[in-house]
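Coordinates in review
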Amino acid sequence: MQILIDTLLNSAMASAATALVAIGLALVFGVMRVENFAHGELYMVGAYVTWYVSTVLQLTYFPALVCAVLFTALIGAVMEVALFRRLRSNPVGCLIVTIGVLLVLQTAAVWFAGINSTLLVESPFPGALRVSSFALPWHRLFVIVAAIVLMLALTWLLRRTMFGWAVRAMAQDREAASLQGISIGTISIAAMMLSASLAGAAGGLMAPIVRISPFMGQPVIITAFIVIIMGGLGSMEGAIIASILYSTFFTFVSTYIDSTVAAIAGLCIMLAVLIFMPSGLMGRAEKV
Amino acid sequence: MLRSSSRLTRRHVLAAAGATASALAMPNIVRAADPKLRVGALLPLTGDLALWGVPGKNGADVWAARTNKAGGIVVDGVRHEVEVVAFDGAYIAEKTLQGARSFIDQEVKYTMIIGGDDWSALQDFSNRNKLLTSTLYVTDLNPDAKYLLAPVEVHPLYFGCGAEYLRKVEPKVKSVALCAQDDLTGRVALAYWRAGFDAHNFDIVKDEYFDLATTDFAPVVSSLLASKPEAVCLDTAYPSFALLLVEQLYIQGFKGRILHAGLELLPDMVKRTSVEFMEGSITFFPRFDDAAISTSAVGFPDATGFYQEVEKTYPGGWNNTSWEFPACLEVWKRAVEAANTTEPDALLASMKANPPEHMFGPAKWWGEDLFGSNNALVGAWPIVVVKSGKVDIVQMSNQAAWYEAHRDFVVKRFEEEQLMPNQRR
């Protein structure tokens, strides 16, 4: 029973963290049609900033988390203005540029903190909630709650504000949105900042739990791409549903069988979705 | 017009060519008179394994400084200073090979690597160029590796003694769960642990590999603990993996002994769990401020002084490789002085005829049975146990004797993993 409870909790936490990363990726793809391969590195930067501010500068965890969000948002803005804007008509160029940013951020992390893989971030919620014989680690519960709050806030932002309408309009038809007076440049910057800050928030939330290293973004970006392909490219609802399905599946297979088998099975599921549901769980089919 | 503007004659061209050739040849001429003996640290100075490479290189630098201060290395009556040349192989095949090429150009006499994937990249090059190399992974040895030595650590040979020690101190413990990262290091080590637990009547209730890309270790530990083990063996999980595994064991309520190759991040483990939780954990690498080190590491001159100098030069940078690579150098130094040569073939022949003293005392060449090559220098090895948040040497164990007594268990488990010399590709 303990293992089932543990696995359900671990699944919920993995789903929450994956969803935060994946919806950011889906947002940028939906709005800007950019496949941001550096998104995993923004997650990594979020974890590094959290470590630096909380451990090196010795401010507490929450200011560090805010700094991680702000810093990654700033990187997102720079990426949009300095790179994507100039390559708006060249999607392949954008893709290559994101791979370049990925390498730059990894190297910057190496330069900044070395390859010391033992950067430790203390959780503000150490220990575990003991219910009968079950132990529910507080920080994992915190990650789940924080991710849900962030996703609800994002939903409100996209559904209930002028900015959200503009983003959705741009995602549906960029030219039509432009003709309605929506500033493509402004919305692109905002979307990129939002996307990057979600990745940074995920990195900051997970920093006390996972191994912080310059390469920690790689498995995350692979998972995020699997998830947004499963969910339907550009669909944020699809990304959330697929995050829950994929992370639960992955965690259960990792626990009950093997994590290598889980990784292979996850890719097989993505292939199956591409073959049998090419537009994903929530994506829209396009007529050619 | 063209002819009148050019003042370049055939004589000028010949003179220039001669001067260029002389200039290019000059470094070698200069080096020929250079009394320094160069040793190479071909280690990952960046990348995940820099945690082992950087302290190893720093330790080698301190060893070289101390050796030079004590008079250097005497070859044929001539004193030579020793110089450590470092190259960041990053544990990447191409870079490791690039480093080996540069070592040949710099006339490096002896090269140190971590072993594993970097040796796979080097073997052919080493054979062709007679690059005498030391590894920390005895499993790199094979019949075709002519210039490879395992002169200090014969990982994972000491794990059998670890299982024996666990049986000695925990006679009632029956069940053990094991895990390791899914790579060659993990598989070889886990095979040896399994043999150790088989030999000492433990039930292996869970045995799993985790993917190298794993970031969250909670599912791995949940899986281990579901089998209700009384002891958990973390094999040779890389330091940062081991830290997160230990933390999860603590959070998920494990109560029992933990076994791990190095417990490199013990202070952080204690910080994230508790002194009580880590108490009694079994590992294999002593600290050099342990009072027992001077009587255990008899083959390492002034071990305590060496530790203090490394700590002074690189504060907080000490770990197990800080002494392992210097210990490799110490074995080489003794062999060179005994053989009066650095020429690889003659040196190897001399070393084989008269095994140099090992870090932990007298040793013998071993390995033919399991690896197809007798190039492992096997001596005693310490078993250390965590007491009050620090590791203490509790006994010296005879690795080769353990293997001889339990050979069948090892062979069976190695065959399962396709690790025997006739099974390897």
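The structure we're discussing is the one just above.
The following refers to the structure shown. The structure displayed is predicted, hence computed values, not measured ones. (Residues numbered from 1 in each chain as written. Chains lettered and ligands numbered in written order. Predicted model: local features only at pLDDT ≥ 70, side-chain atom pairs only at ≥ 80, totals over all residues.)

1. Brief notes about the overall build of chain B
Per the secondary structure count, chain B includes 18 helices and 16 strands. Its C-alpha atoms give chain B a radius of gyration of 24 Å, near enough to 22 Å, the size a compact globule of 425 residues would have. Expressed as a percentage of the 425 residues in chain B, the buried residues total 54%. Contacts in chain B between residues far apart in sequence, at least 24 positions, make up 65% of those at least 6 positions apart. (Helix = DSSP H or I, 4+ residues; strand = E, 2+ residues; numbered from the N terminus. Rg over C-alpha atoms; globule rule 2.2 N^0.38 Å. Buried ≥ 20, exposed ≤ 12 C-beta atoms within 10 Å, placed from the backbone. Contact = placed C-beta atoms within 7 Å.)

2. Here's the deal with the packing of helix α1 (residues 2–32) of chain A against helix α5 (residues 138–160) of chain A
A pair of packed helices is captured by two measures, namely the crossing angle of their axes and the spacing between those axes. Residues and elements named next belong to chain A. The interhelical angle for the contact between α1 and α5, taken along N-to-C directions, is 35°, at an axis separation of 9 Å. Crossing angle aside, the handedness with which α1 passes α5 is left-handed. For the pair α1 and α5, contact is made by L9, A12, M13, A16, A17, A19, L20 and I23 and by R140, V143, I144, A147, I148, L150, M151 and L154, respectively. Looking at side-chain class alone, the contact of α1 with α5 contains 15 nonpolar, no polar and one charged residues. (Axes fitted to C-alpha atoms, helices over the stretch in contact; angles between N-to-C directions. Left-handed = near helix turned anticlockwise from the far one by under 90°. Nonpolar A, V, L, I, M, F, W, Y, C, P; charged D, E, K, R; others polar.)

3. Observations regarding the interface of chain B and chain A
Every contact between the two is made by 29 residues of chain B and, on the other side, 30 residues of chain A. Within the residue set of the side of chain B that touches chain A, elements represented by two or more residues are α3 (50–69), β9 (203–210), α8 (218–225) and α9 (239–251) of chain B. Classifying every residue of the side of chain B that touches chain A by side-chain character gives 14 nonpolar, nine polar and six charged.

4. Some thoughts on the environment of A:V261
Residue and element names in this part refer to chain A. Among the secondary structure elements, V261 is positioned in helix α11 (residues 259–276). V261 gets classed as partly exposed once you count the C-beta atoms within 10 Å, which come to 14. In this structure the C-alpha to C-alpha distance between V261 and L57, which are 204 residues apart in sequence, comes to 41 Å.

5. Digging into helix α8 (residues 184–206) of chain A
Along its 23 residues, α8(A) runs 33 Å from first to last C-alpha, staying within 8% of the 33 Å computed at 1.5 Å per residue. For α8(A), a buried count of 20 out of 23 residues is recorded, marking the element as mostly surrounded by other parts of the structure. (Expected span 1.5 Å × (residues − 1).)

6. Some remarks on the environment of A:L70
Within the secondary structure layout, A:L70 lies in helix α3 (residues 61–84). The spatial distance from the C-alpha of A:L70 to the C-alpha of A:M193 is 8.8 Å, given a sequence separation of 123 residues.

7. Considering the pairing of strand β16 (residues 390–398) of chain B
Residues and elements named next belong to chain B. Bridging between strand β15 (residues 380–387) and β16 involves eight bridges; their strand directions are antiparallel. When the bridges of β16 are listed, W381 appears paired with S397. Taken together, β15 and the strand that follows it, β16, pair antiparallel across an intervening segment of two residues, in which S388 is found at a positive phi of about 55°. (Pairing = 2+ DSSP bridges.)

8. Structural notes on the nonpolar core
Counting residues in each nonpolar core, the largest one holds 144 residues, and the members touching the most others are B:W193, B:V232, B:L234, B:A242 and B:L245. Setting aside anything within four residues of it in sequence, one finds B:L245 in contact with B:F217, B:V220, B:V221, B:L234 and B:A237. Residues A:C94, A:A199, A:I240 and A:Y246 belong to the second largest nonpolar core, which totals 96 residues. (Core = buried A, V, L, I, M, F, W, Y, C linked by C-beta atoms within 7 Å.)

9. A look at the sheet that holds strand β1 (residues 37–43) of chain B
Strand pairing within a sheet occurs via backbone hydrogen bonds; the two strands may be parallel or antiparallel. Pairing is parallel across the open sheet formed by five strands, whose spatial order is β4-β1-β5-β6-β7 (chain B). The open sheet has two free edges, formed respectively by β4 (82–88) and β7 (148–149) of chain B, since each of these has just one partner strand.

10. Digging into unusual backbone geometry
All names here are of chain B. Note the cis peptide between H155 and P156, where omega equals 10°. With respect to the helices, strands and loops of the structure, P156 is situated in the loop between β7 and α6 (159–169). A positive phi angle, near 50°, is found at K228, a position not held by glycine. With respect to the helices and strands, the residue K228 is situated in the loop between α8 and β10 (231–233). A residue is classified by how many C-beta atoms lie within 10 Å of it, and K228, with 13 of them, is partly exposed.

11. A look at the packing of helix α14 (residues 320–339) of chain B against helix α15 (residues 344–353) of chain B
All names here are of chain B. With their axes 9 Å apart at the nearest point, α14 and α15 run at an angle of 100° to one another. The angle between α14 and α15 places the two elements in the roughly perpendicular class. On the side of α14, the interface is formed by A335, V336, A338 and A339, while α15 contributes A346, L347, S350 and M351. When grouped by side-chain class, the residues that make up the contact of α14 with α15 number seven nonpolar, one polar and no charged. (Parallel < 35°, antiparallel > 145°, perpendicular 65-115°, else oblique.)

12. A few points about the pairing of β9(B)
Where a strand is regular, its side chains alternate between the two sheet faces. Residue and element names in this part refer to chain B. As paired elements, strand β8 (residues 175–181) and β9 share seven bridges and run parallel to each other. Looking across to β9, one finds that V176 is bridged to I204. Chirality of the crossover, the property in question, places the unit of β8, helix α7 (residues 184–199) and β9 among those that are right-handed. (Right-handed = clockwise from strand over helix to strand, strands pointing away.)

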